[in-house]
Amino acid sequence: AQKITQTQPGMFVQEKEAVTLDCTYDTSDPSYGLFWYKQPSSGEMIFLIYQGSYDQQNATEGRYSLNFQKARKSANLVISASQLGDSAMYFCAMRESAGGTSYGKLTFGQGTILTVHP
Amino acid sequence: KAGVTQTPRYLIKTRGQQVTLSCSPISGHRSVSWYQQTPGQGLQFLFEYFSETQRNKGNFPGRFSGRQFSNSRSEMNVSTLELGDSALYLCASSLEVLYEQYFGPGTRLTVT
C-alpha cells in the first residue's frame, strides 16, 4: 500500500491566488513527521515545512501552511499569494519512528507539478 | 552557511563499471541520507548514516553501498552498473536524525 499519496499529478493556479496541494498518508506509527519539499527544474529539493504528529497547531512558514487533519490522515500544503517562482514539483514526505529504526528515512509521494500562470 | 554539496554533478558511465558519488553535509550536521530519483520509481531511500554508522538501509541490492567519514562527509558506491541505475542521486543532511533534511543539488548519473 502507498504510504504517501498525492492524487494531483498537476495543478494550475493564477498568480497571486492561493492553491492547495493534497497529501494523504498511511501509518500505524503514533509518532511521525510530515514534510513538504519543492523541486524546481534544477533538481534540488528545497525544504518548505514540517508537521509533527503530536503538534497541536498547523505549521506555517511564510506563504506556506500545512492543513493537518490527523483523523483523516491528510497533510495538505497551502500556498498563499502564488508567485511565478512557485512553479515546480512539490513532494509530500513522511518520516516514521518505527521504534527508532527509521528516523533517517523519508518516504515520498509521487509529487504534484504546480504551474503558476501570470 | 554553505549548503549540502555533491560531486560530481553529472556523470556518464558504461554498464559494468563502478561509480563513487560524494556528499558534503552542512557544517555541523551529523546525519546523511541518500535517495535515488527516477521517473518510474520516484524518490526512493537508499541508506542513512549517522556518526559513521549505517543506521538504516532501503530496499536496494548489495551493489549499492556507502560510508560516512569522521567529518560527516559521505560517499556512496554503485558497482557493476546497470542501465536502470541511471537516476538523480540526492544526498540530504540533518543536524540530528529527528530534524528536517536539507538536500544537495544531486548527481545525475547516466549509464550507457
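Higher on the page you've got the structure.
Residues numbered from 1 in each chain as written. Chains lettered and ligands numbered in written order. Predicted model: local features only at pLDDT ≥ 70, side-chain atom pairs only at ≥ 80, totals over all residues. Heavy atoms only, no water.

## Some words on the sheet that holds strand 1 (residues 5-7) of chain B
Residue and element names in this part refer to chain B.
Consideration 1: The strand order across the open sheet built from four strands is 1-3-8-7, with neighbouring strands paired in antiparallel fashion. The two strands at the open ends of the sheet, each matched to only one other strand, are strand 1 and strand 7 (64-68). When the angles between neighbouring strand axes are averaged without regard to direction, this sheet yields 20 degrees.
Consideration 2: Sheet analysis places strand 7 next to strand 8 (residues 74-78), joined by five bridges and oriented antiparallel. Its bridge partner being in strand 8, F64 is matched across the sheet by V78. (Pairing = 2+ DSSP bridges. Helix = DSSP H or I, 4+ residues; strand = E, 2+ residues; numbered from the N terminus. Axes fitted to C-alpha atoms, helices over the stretch in contact; angles between N-to-C directions.)

## Quick notes on the interface of chain A and chain B
How big an interface is tends to be expressed through the accessible area that disappears when the partners come together.
Consideration 1: Contacts between chain A and chain B engage 19 residues on the former and 22 residues on the latter.
Consideration 2: For the pair chain A and chain B, the summed buried surface comes to about 1,600 Å²; carbon and sulfur atoms form 54% of the total.
Consideration 3: Across the contact surface, chain A and chain B share zero salt bridges.
Consideration 4: Scanning the region where chain A abuts chain B turns up three residue pairs in polar contact (both at pLDDT 80 or more).
Consideration 5: Elements supplying a minimum of two residues to the side of chain A that touches chain B: strand 5 (32-39) and strand 10 (88-96) of chain A.
Consideration 6: Considering each element in turn, the side of chain A that touches chain B owes the most residues, three residues, to strand 5 of chain A.
Consideration 7: Partitioned by chemical class, the residues of the side of chain A that touches chain B number eight nonpolar, eight polar and three charged. (Contact = heavy atoms within 4.5 Å. Buried area = accessible area lost by both parts, 1.4 Å probe. Salt bridge = Lys/Arg side-chain N within 4 Å of Asp/Glu carboxyl O. Polar contact = N/O pair within 3.5 Å; in protein donor to acceptor, adjacent residues only side chain to side chain. Nonpolar A, V, L, I, M, F, W, Y, C, P; charged D, E, K, R; others polar.)

## With respect to the layout of surface pockets
Consideration 1: What the largest pocket holds in volume is close to 450 Å³.
Consideration 2: Contributions of two or more residues to the lining of the largest pocket are made by strand 10 and strand 11 (107-108) of chain A together with strand 5 (42-50) of chain B.
Consideration 3: Across the lining of the largest pocket, the residue classes break down as seven nonpolar, nine polar and four charged.
Consideration 4: By volume, the second largest pocket amounts to about 240 Å³.
Consideration 5: Together, 14 residues line the second largest pocket, and Q39(A), Q37(B), T38(B), P39(B) and R108(B) are the ones closest to its centre.
Consideration 6: Counting residues per element, the ones that place at least two in the lining of the second largest pocket are strand 10 of chain A together with strand 4 (31-38) and strand 9 (87-94) of chain B. (1 Å grid on protein atoms, 1.4 Å probe; cavity = no way out; pocket = protein on both sides within 12 Å on 5 of 7 lines; lining within 4 Å. Points joined across faces, edges and corners; volume = space filled by probe spheres on them.)

## What about the side chain of Q36(B)?
Consideration 1: Mapped onto the secondary structure, Q36(B) falls in strand 4.
Consideration 2: Within the structure, the side chain of Q36(B) is placed 3.0 Å from the side chain of Y89(B), a separation counted as a polar contact.

## Points about the pattern of salt bridges
Two side chains that carry opposite charge are able to pair once their charged atoms sit near each other.
Residue and element names in this part refer to chain A.
Consideration 1: Evaluation of the coordinates by the stated rule reveals eight salt bridges over all chains.
Consideration 2: The shortest N-O distance in the salt bridge between K73 and D26 comes to 3.9 Å. Placement of the pair is K73 in the loop between strand 8 (64-69) and strand 9 (74-79) and D26 in the loop between strand 4 (24-25) and strand 5, with a sequence separation of 47 residues.
Consideration 3: For D26, a relative accessible area of 38% gives the class partly exposed. (Buried < 20%, exposed > 50% of the residue type's maximum accessible area, 1.4 Å probe, protein only.)

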